[in-house]
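# Architecture and fold: a report
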Amino acid sequence: MTEQDPSICEQKVYENIFRTHYGNVTRYIYYKCGDLQQAEDIVQDVFIKLWRLCATVSFSKVKAYLYRAASNSFLNEKAHEKIVLKHVKQKSNPIDNEDPEFVLQMGEFQLKLKEAIGALPEKEREVFLLSRMEKKTYGEISELVGIGVKAVERRMSKALLQLREELGKEFKF
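A brief report on the enclosed structure follows. Treat the numbers as computed from the prediction; the structure is a model and nothing was measured. (Residues numbered from 1 in each chain as written. Predicted model: local features only at pLDDT ≥ 70, side-chain atom pairs only at ≥ 80, totals over all residues. Heavy atoms only, no water.)

Moving on to the nonpolar core. Formed by 22 residues in total, the largest nonpolar core has its most connected members in I8, I17, I29, F47, L50 and L66. Elements that contribute at least two residues to this core include exactly α1 (11–33), α2 (36–52) and α3 (62–92). Grouped together as the second largest cluster of nonpolar side chains are 15 residues, L120, L130, I141 and A159 included. (Core = buried A, V, L, I, M, F, W, Y, C linked by side-chain atoms within 4.5 Å. Buried < 20%, exposed > 50% of the residue type's maximum accessible area, 1.4 Å probe, protein only. Helix = DSSP H or I, 4+ residues; strand = E, 2+ residues; numbered from the N terminus.)

Let us look at the side chain of S142. Tracing the sequence through the fold places S142 in helix α6 (residues 138–145). Here the side chain of S142 touches G139 through a polar contact of 2.7 Å, landing on its backbone oxygen. Ignoring anything within four residues of it in the chain, the contact list for S142 reads I147, G148, V149 and V152. (Polar contact = N/O pair within 3.5 Å; in protein donor to acceptor, adjacent residues only side chain to side chain. Contact = heavy atoms within 4.5 Å.)

Here we come to the pattern of salt bridges. Any two side chains of opposite charge can pair, on the condition that their charged atoms come close. Per the counting criterion, the structure on display carries two salt bridges. Note that E81 is salt-bridged to K78, the shortest N-O span being 3.2 Å. Within this pair, E81 and its partner K78 are both found in helix α3, separated by three residues, close to a single helical turn. Of the residues examined, E81 reaches a relative accessible area of 34% and is grouped as partly exposed. In this structure, E153 and K150 form a salt bridge, with 3.7 Å as the shortest nitrogen-oxygen distance. Residue E153 and its partner K150 are both found in helix α7 (residues 149–167); the two are separated by three residues, about one turn of the helix. Given the relative accessible area of 33%, E153 is considered partly exposed. (Salt bridge = Lys/Arg side-chain N within 4 Å of Asp/Glu carboxyl O.)

Structure below.
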């Protein structure tokens with residue numbers, strides 16, 4: 001702040017700045033957001049901030065400060081709205097409308113499936129779990145286990161046949 005610039009902290013100077021710039025800054029924000037009430041709220045908050053920081057803002061840069069602060073406040077509000085919408089969407093998803101009987105049947109099926117997988121011979125169980133649980137390709141499984149791809153295919157086929165026999169029609173793959 002130079003010696004020639006009046007102090008924004010003086011009430012008459014501040015009121016003059018308010019009268020001069022309030023309408024233009026409000027219109028600027030209104031054009032951005034399309035809501036006059038929101039624009040007025042943002043600009044009022046900016047003028048309150050200007051009053052609090054009056055000693056640090058020079059009179060010659062007050063117009064630029066008002067426009068920049070108003071624009072930043074608007075952008076902050078938009079970012080906050082996006083975060084709120086994101087959380088609202090996340091909270092609305094976890095509602096569980098499943099039939100309790102269905103949930104119970106799924107639990108029983110999962111238990112049967114674990115037992116059936118546990119009953120598989122070790123070599124078939126290893127190939128089945130690598131393929132279905134760890135999403136490995138037959139080529140990757142053959143490298144890990146140290147056997148050929150055809151052997152992996154045979155073991156997988158045996159595992160699926162045995163699981164189908166134990167679980168019957170319940171088993172879908």
